[in-house]
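Architecture and fold: a report
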Amino acid sequence: MPYTRVGESRNLGINMYYELHGNGPVKVLLVMGMQASAKEWYPQIEFFQDKKEYQVCAFDNRGYGRTDTPYTGYSSSNLALDAIDLVNHLQWDKFHLVGLSMGGMIALELALHAINRITSVALCVTHRGGPDSRPPGNSITKTWSALRAATPADKAKINQTSIFSPAYLTKIHEGEVTKHEYHVQRYLSNFTGDNPLKKPSLTGFFGHLKVVFTHFISDERLDQLKHSGIPILIITGTIDELVSDVNSRKMHDHFGTSELVVLEGAGHGVHIEEAEKFNEALLRHIQKATEKANTLSASDKLSGTQPSDITTVSPSSASSSSSSSSATTADAEN
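In this report, the structure presented in the accompanying data block is examined.

Calculation rules
- Residues numbered from 1 in each chain as written.
- Predicted model: local features only at pLDDT ≥ 70, side-chain atom pairs only at ≥ 80, totals over all residues.
- Heavy atoms only, no water.
- Axes fitted to C-alpha atoms, helices over the stretch in contact; angles between N-to-C directions.
- Helix = DSSP H or I, 4+ residues; strand = E, 2+ residues; numbered from the N terminus.
- Parallel < 35°, antiparallel > 145°, perpendicular 65-115°, else oblique.
- Left-handed = near helix turned anticlockwise from the far one by under 90°.
- Contact = heavy atoms within 4.5 Å.
- Nonpolar A, V, L, I, M, F, W, Y, C, P; charged D, E, K, R; others polar.
- Expected span 1.5 Å × (residues − 1).
- Buried < 20%, exposed > 50% of the residue type's maximum accessible area, 1.4 Å probe, protein only.
- Core = buried A, V, L, I, M, F, W, Y, C linked by side-chain atoms within 4.5 Å.
- Salt bridge = Lys/Arg side-chain N within 4 Å of Asp/Glu carboxyl O.
- Lys, Arg positive; Asp, Glu negative; His and termini not counted.
- Polar contact = N/O pair within 3.5 Å; in protein donor to acceptor, adjacent residues only side chain to side chain.
- Phe/Tyr/Trp six-rings, centres within 6.5 Å; stacked < 30°, edge-to-face > 60°.
- Pairing = 2+ DSSP bridges.

Put simply, helix H2 (residues 76-90) and helix H3 (residues 102-113) touch, their axes get as near as 8 Å, and they point 70° apart. Relative to H3, the element H2 lies roughly perpendicular. Our pair here, H2 against H3, has a crossing hand that is right-handed. Residues Ser76, Ser77, Leu79, Ala80, Leu81, Ala83 and Ile84 of H2 form the contact with H3, whose own contacting residues are Met102, Met105, Ile106, Glu109, Leu110 and His113. Residue composition of the contact of H2 with H3, grouped by class: nine nonpolar, three polar and one charged.

Interaxial distance between H3 and helix H9 (residues 219-226) falls to 10 Å at its minimum, and their mutual angle equals 65°. Overall, the two elements H3 and H9 adopt an arrangement that is roughly perpendicular. H9 is crossed by H3, and the crossing has left-handed handedness. The segment H3 lies against H9, with Leu108, Glu109, Ala111 and Leu112 engaging Arg221, Leu222, Gln224 and Leu225.

Between the first and last C-alpha of H2 there are 21 Å, a value that for 15 residues agrees with the 21 Å anticipated at 1.5 Å per step. When we look at burial in H2, the residues that qualify are Ser76, Asn78, Leu79, Ala80, Asp82, Ala83, Ile84, Leu86, Val87 and Leu90. Positive phi appears at glutamine 91, one or two residues downstream of H2, with a value of about 60°.

Attention now goes to the nonpolar core. Inside soluble globular proteins, nonpolar side chains tend to come together where they are buried. Counting residues in each nonpolar core, the largest one holds 46 residues, and the members touching the most others are Leu29, Leu97, Leu110 and Leu123. With eight residues, the top contributor of residues to this core is H3. Those residues in contact with leucine 123, other than ones at most four positions away along the chain, are Gly99, Gly104, Ala107, Leu108, Ile232, Leu233, Ile234, Ile235, Met251 and Phe255. Counting residues in each nonpolar core, the second largest holds 29 residues, with Phe48, Val56, Ala122 and Ala281 among its members.

For the rest of this paragraph, the subject is the pattern of salt bridges. Tallied over the full model, the rule gives 13 salt bridges. Between aspartate 60 and arginine 66 there is a salt bridge, and its shortest N-O distance comes to 2.8 Å. Each member of the pair aspartate 60 and arginine 66 is classed as buried. For glutamate 259, the salt bridge goes to arginine 284, with nearest N and O atoms at 2.9 Å. With glutamate 259 in strand E10 (residues 259-263) and arginine 284 in helix H12 (residues 275-295), the pair connects residues that are 25 residues apart, well separated along the chain. Among the residues examined, glutamate 259 registers a relative accessible area of 6% and is labelled buried. Among the residues examined, arginine 284 registers a relative accessible area of 29% and is labelled partly exposed.

Let us now look at the side chain of aspartate 240. Here aspartate 240 shows up in the loop between strand E9 (232-237) and helix H10 (245-255). Despite its burial, aspartate 240 remains without a salt bridge, the nearest opposite charge being carried by lysine 142 at 10 Å. Within the local environment of aspartate 240, its side chain forms a polar contact with the backbone nitrogen of valine 243, the two atoms lying 3.1 Å apart. A polar side-chain atom of aspartate 240 sits 2.8 Å from a polar atom in the side chain of histidine 268.

Summed over the entire model, instances satisfying the criterion amount to nine aromatic pairs. Between tryptophan 144 and phenylalanine 206, the aromatic rings sit 6.1 Å apart at their centres with planes inclined by 40°, giving tilted as the arrangement. Within this pair, whereas tryptophan 144 is found in helix H4 (residues 137-147), its partner phenylalanine 206 is found in helix H8 (residues 202-214), the two being separated by 62 residues in sequence. Exposure remark for tryptophan 144: the relative accessible area of 33% places this residue in the partly exposed category.

All right, on to the pairing of E10 then. Most of E10 is tucked away, with five of its five residues classed as buried. Pairing between E9 and E10: five bridges, direction parallel. Counted as the bridge partner of glycine 237 is leucine 263 from E10.

Below is the structure:
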């Protein structure tokens, strides 16, 4: 599997692991969250690699997986610059950007650092920083319990209860074990067999924790993205224990021109828990943005606007639920 050097120009050089799927002209960069690897994008990689017009890149962030874990360079801005070094290596001029959790924080910084190269942005279960961004106390307790767990299996058992909703974890996976048991075993298998992840380190853990707790995008910088004309999709779940959906709703309100997809009853791992609905929303967003990029001039793109949409999707609703700006919504990172 391929590696490239990133961070050299900032005296923060590391070897970054990445993988490419497909060879189409439409480029999509997937940015994963805290202490999670490119492997966790499996529902989206499987979905897009069957579509010949796309090429998808997923990678392991500084501090986790197969990418190096140095002692320095941990901020959402630096991780964004790492990702820009990666797309420069790939020689991608323009691309669609998808970030999840801490990856969404990185995506916000990346979009602002390379605003003329971004065709669209999807911000999933993430936040812009500030007072609303702190996770609920229960999730903090679980995080520290997982960190002190006696075995990797014990750690995984705890972490899954923060990532997924209780209802999802009790479902049966392919008629054999519960989703909870499946995801514990899947996590453990990431460190064995072909292309295994390196054992997680405390350096990487606290580095990523620093990224999350120091990340902040001011109103002025959010306005730069708002006025760029770049189509923005925001996806959240209503019972996310790690990043409250309040953060997504407030970003949507600030942008005013974004599309907000609310997955009712979904936890933090919306891209897995509600993979079909997540993928359909993402594909629709990317297709619309690609069409716009192919038809508008550069000046039109800087001044163009997007219709404001909120899509509320319940577990029992059809995958094709339509967007509605008048939809009613509730209040309200192994």
